[in-house]
Structure formats: structure tokens, C-alpha cells
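The chain contents come next:
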Amino acid sequence: MSYETTLEELMHEHPELMLLTAENRAAIRSLATRAGERFIDVGICEQTLVGVAAGLALSGRVPMVHALAPFLTMRAFEFIRTDVGIPNLPVKLVGFIPGILSDGNGPTHQAIEDVALMRNIPGMRVLCPADEDELCACLPAMIQDRGPAYLRYNQLPARVRHKGDWELGKAEVLQSGRDVCLLSYGALFAQALEATERLDQLGYSVGLVNLRSLAPVDEAALLEAFESKLVVTLEDHFVRGALRSLVCELAVERGANIELLPIGLQSWFRAGHFQAALEHAALDADSIVERIVGRLEEGR
Amino acid sequence: MDLVDTVVATPRPRPMSEARSLANAAYRARSSVLEMSARGGCFVGSALSCVDLLVELYFRQLRVDPIDPHWDARDIFLLSKGHAVPALYAVLAERGFLRRERLMTHLEVEGSVYWHPNRDIPGVEFHSGSLGHCLPVGLGIALERARSRDTDRRQSQVFVMLGDGELNEGSVWESLLVAPQLLSNGLTVIVDRNRIQANERTEMLVPLEPLRSKLEAFGWRVVETNGHDFPALERAFELCGERPSVLLAETNRGCGVESLQNRVGGWFVHASPTELELYQRELLASHRAAWGEQE
């Protein structure tokens, strides 16, 4: 199943679904041609795109809004907050090439503050599938939920068979560990998985949690992760505002005394081929393992 | 004396002309705006400018039902220039959507009557306040209606009122560019062209003229009218709606109150009791000058 075929099935089931874009059709190219009147392309204008989506939602439709993640969440931010967030309308925002997935585009196209922005809109759901399987699996949950949502579109091939049904606010706990627990979401899940395997081989007791959604976030899974000696947050996002911040907020609120190693982005990353960009930003599995081992050994 | 005698004895009054009855509603609405300005202040200039437009819309143009404000096939009106909200609420009260007493809860924290429209007030379709939002939203509503299976709903109209100062916002021009490409009819934009924005005359800050030709070049039918003349407004609205249309309504900011009209300084007014009395007296005088004493 691809994103398009899943969405097409859902459009059959849910006549209220509409397909919108600001001339960014990469994710819906063939579906757009079959959707007829239910497809609207407003041209390259994200503010109008979101306003139109709010108008449709106000009239009983559920628009699936496609645009590049940075322009959707940032250029149109105030339209999302004001026209979708305040009235809590069922507008589903799909941000293309979020985070590290913008690879060769450079800083203009890097949505690495999008989660921070979206999760601060009351009622907004933030969905961060780990790969294409989860991208498809999260769609029914996103559509059944009648509030606004932001989806970090990610169609990287799946490296594992995921556990359980995809539920909003429910993390996937792949394994638990005493020494270290890796918390991750979205495109870096593959790196988290590889790092976990290597740390296993090195003899550490390693936990791995795929958060799946950051708003709502699975607090129970986070609190369980806090039992490990070291908590690692791994994200292709600024280290301020998304997962690291969520973990810090929760730890302080609950009085949990955790040791935290945040791995993420301090600033815009160098543009290039996906793997090269990942390595330069030290977000590849080798760099992750190196930093975690360094920290674990420091404490011995 | 019983009722039958009274009817026979009193000559039947001549029916009021429609224009006069609309002007009376506008007078009462303006008077309510002034009352709100005495309760913490409000954006009186902007509100008085569009009272007649709102009266024309709610009494003659919009298919709406105050008894059933959520009627499925109703026309939709969005006030994008949110600061003019006292005028909207006052006209909604005149039209029976809410009781006039509610207007007097202005700025009471539990009352929902504050400086921008919100959906807690019956008849308000969408909130506004941040400029440049309601045209995109109205376009979305019109696109849904154009796709409706219900004939009545499909034929309903969407009206969006913008301030001329609001035309500084980029999102307005995005939507002005896009709408005629996506819609063949059902959307009318009303520009309250009072030529004054918050602190400055529009043509002194960012000149909009030649506005008509700009809008026409974007693919809109443009109808120009006097925004305070009911017969002219009726004719102007007849020319709108067949295709995406802009009604350019020439108006006077602060219209009806001599001390406030067409003044750059009359944006936000918090009237003292003495000022309120003066403004109400001026309002009544200008109404009488136009329409004479009530017969």
C-alpha cells in the first residue's frame, strides 16, 4: 500500500474528504487526476490554501492539505493557528519533505521547527510516522479524529514490521533497556533502530521507543523510558521545541531525575544527498552510537 | 372606546418607504455603536462606515433566517475587517439575531461582545480580527457550496466584506488572483472604501488606485457604488453574483456623526458621557436632515 492508494480508499469511505494542494502534488500526483471535483489546487499560495481549507471544513468537508512542510507550517502559520486552530476545525495538514527529508534543498526548505510550532496550537495533533508503512497506517486514525492535525509526511521504506495498531498518542515500544533508552520519531527511526542493534551487540541493555505522535504524546511510555540510566532523544528537528523539550517538561513536572542526551539539530543542516546530509549533521547511526557510548562510558 | 372604534377613527398611516425603513434601522444601529463606544470604547470610525452596507445585506440581500441561523442553504456573510464588529452586532440585533441588550455587555468578560467577531454571537459565521483571512475562508466556503448536491445550497451566495486598508495584506491579493480561476459565481467581495486606514489616508500610505482596473485585471466584475445610498446599493448588488464580483462601496468613515466623519483620528473612540450625548445628537440631526421628522 502506498500513501496514495490508502488515501484513495479512505476517500471512497469518507465522502467528506477533499484533496488540496498549493501546487505541490508529489504525494498525490495520480490521485489528483482521479479525484475530480474533490481535488483543488490553489496555486503557490499557502495562506490562501489554509484559509480555503478552513472554509471547506467549516462547511462540513475534511480537507487533506498538501504542501512543503516549511511553507505550510511557517508561511501559513498564522492561518493555521487562527483559521484552523481557534475554531478547532478538522483540517488535515500534510507537510512534505519535513526535517532531514529535505536533503539537498538547503535551509529555506528545512522544516525543523515545524513540530514545535504545531504542537503549541491547542488541539492540534502532530503525527510523525517512522516510514511508509506507518504513513499509511496513521491515516485512518488521523481522519477519524475530528480535530486539526499535522502529518510529517515520510515515505522511507519500512525496516521493521511495526507492532500493534497505529493510535494517536500511543507509542510503539520496540524494546526496553536498563542502560539506555532511545526515543525517536519520523525519518530518524531507521537510524535509531540501527543504533539500537549496534548497542545491543556491544552488550548494553537498550530500550527503543517510536513515539509515533508528539501531540498527544504517550506520557506513560516516556515515564517508563525515564527508568533507564540514560535517556536519548533523537530527532531531525531543532533540539528546542519538540521531543527534547517534551521530555524535559514531563521530567520536571513529574519530578523525574533523568540523565538526558539530546541528539538533534542546533541549527540548519548542510544540504546534500540524504546520507551525506545525515552524516554531516551527525544524525547517522555511527555518530549516534559513538555519542551514546561516549556518554555511557563517561559515567562508569 | 373599543378597538374597532379606534381603527375607524384613526386615519391609516402611509406605509413607510423601504429606503426609509432601512435608514431607520441604520440609524438605530449607529446609535447602538455609539452606546458601545461609551462602554470601554470601540472602533467607531470603521463601524459607522459600513452600517448601511450591513443593513442592505441583512435586510435585503442575504438569505438568512434569524430564527434558524444555521439553515443549511443560507447565504454566508463574513466580516473580514473585524474592528467594525459593533456595526455587525448592532445590525444583527436589528435583524433579530440577538437582543439589543446583549450589545450593552460590551467588553464584559463573560459576554463575548468584544472588539472582534466571534461565533458565540448568533449570526456570526466565522471569527476575524487578523486582517486578510476572510477572503480565503470565504473562497473555501463558496467552493464547497459550488460542489453541493443540494440545489438550494449550491445557489447560495458568499459575501465577504474587506476594509480598503486591509487591501495592504498579501493574502487578499493571493485570493483575489486565485478565486476567479476556481469559481464561476457565488462569491461577492465588498470593499468598504472609506479611504482612511488606522492612522493614515489610504492613498497617502500605500495608494490603492487605480483600484477598479487592478481588480478587473485580476478577473473580477467590479461594481462601484455609493455605500450609503440604499436604492444605489440595491442596484449595485443586482449586478453582482453572476461571476466573482467586487462591490467597491465609496463610504465615509464615521458616517452619520459630524464630529467623527471622514477624520483620520476617529479610529478608536472611547466616548465620555458628554461626548456620547453630542454624538447621539449629531446622529439624530443628520438622520433628520436626510429623512425629516418621523411622520
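Now for a quick tour of the structure. (Residues numbered from 1 in each chain as written. Chains lettered and ligands numbered in written order. Predicted model: local features only at pLDDT ≥ 70, side-chain atom pairs only at ≥ 80, totals over all residues.)

Next up on the list: the overall build of chain B. Each helix and strand counted, chain B has 13 helices and 5 strands in total. The C-alpha radius of gyration of chain B comes to 19 Å, within 12% of the 19 Å expected for a compact globule of 295 residues. Taken along its principal axes, the extent of the C-alpha atoms in chain B is 65 × 45 × 40 Å. Counting only residues that meet the buried cut, chain B has 47% of its 295 residues in that class. Summarising the internal contacts of chain B: among those between residues at least 6 apart in sequence, 73% fall at separations of at least 24. (Helix = DSSP H or I, 4+ residues; strand = E, 2+ residues; numbered from the N terminus. Rg over C-alpha atoms; globule rule 2.2 N^0.38 Å. Buried ≥ 20, exposed ≤ 12 C-beta atoms within 10 Å, placed from the backbone. Contact = placed C-beta atoms within 7 Å.)

To continue, consider the sheet that holds strand β8 (residues 180-184) of chain A. The strands that make up a sheet are held in pairs by hydrogen bonds between backbone atoms, and each pair lies either parallel or antiparallel. Residues and elements named next belong to chain A. Overall, mixed pairing links the 5 strands, which are arranged β7-β9-β8-β11-β12 in an open sheet. For this open sheet the edge positions go to β7 (172-175) and β12 (260-265), each flanked by a neighbour on one side alone. Averaged over neighbouring strand pairs, the angle between their axes works out to 20 degrees when direction is ignored. Its contacts with the sheet place helix α8 (residues 189-201) against β8, β9 (206-210) and β11 (230-238), and it is angled at close to 165 degrees to β9. Those strands touched by helix α12 (residues 285-298) are β8, β11 and β12, and its axis lies near 155 degrees from that of β12. (Pairing = 2+ DSSP bridges. Axes fitted to C-alpha atoms, helices over the stretch in contact; angles between N-to-C directions.)

Residues and elements named next belong to chain A. In terms of residue burial, β9 counts as a mostly covered element, since 5 of its 5 residues are buried. Along β9, one buried face is formed by Val206, Leu208 and Asn210 and the opposite face, lined by Gly207 and Val209, is buried too. In the sheet, β7 pairs with β9 via 3 bridges, with the strands oriented antiparallel. Counted as the bridge partner of valine 173 is valine 209 from β9. Between the parallel elements β8 and β9, the chain passes through α8 in a crossover that is right-handed. (Right-handed = clockwise from strand over helix to strand, strands pointing away.)

Residues and elements named next belong to chain A. What the 7 strands build is an open sheet, ordered β2-β1-β3-β4-β6-β5-β10; its pairing is mixed. The sheet terminates laterally at β2 (39-41) and β10 (213-215), the two strands that pair on one side only. If you compare each strand with its neighbour and ignore which way they point, the axes differ by 20 degrees on average. Where strand β3 (residues 62-68) lies against strand β4 (residues 92-96), 5 bridges are found, and the strand directions are parallel. Its bridge partner lying in β4, histidine 66 is registered against valine 94.

Chain B puts 19 residues into the contact, and the matching count from chain A is 22 residues. Those elements that place two or more of their residues in the side of chain B that touches chain A are α7 (134-146) and α9 (170-182) of chain B. Broken down by element, the side of chain B that touches chain A gets its largest block of residues, 9 residues, from α7 of chain B. Its residues assigned to classes, the side of chain B that touches chain A shows 8 nonpolar, 7 polar and 4 charged. (Nonpolar A, V, L, I, M, F, W, Y, C, P; charged D, E, K, R; others polar.)

Everything listed here is a matter of coordinates, which is why it stays silent on function.
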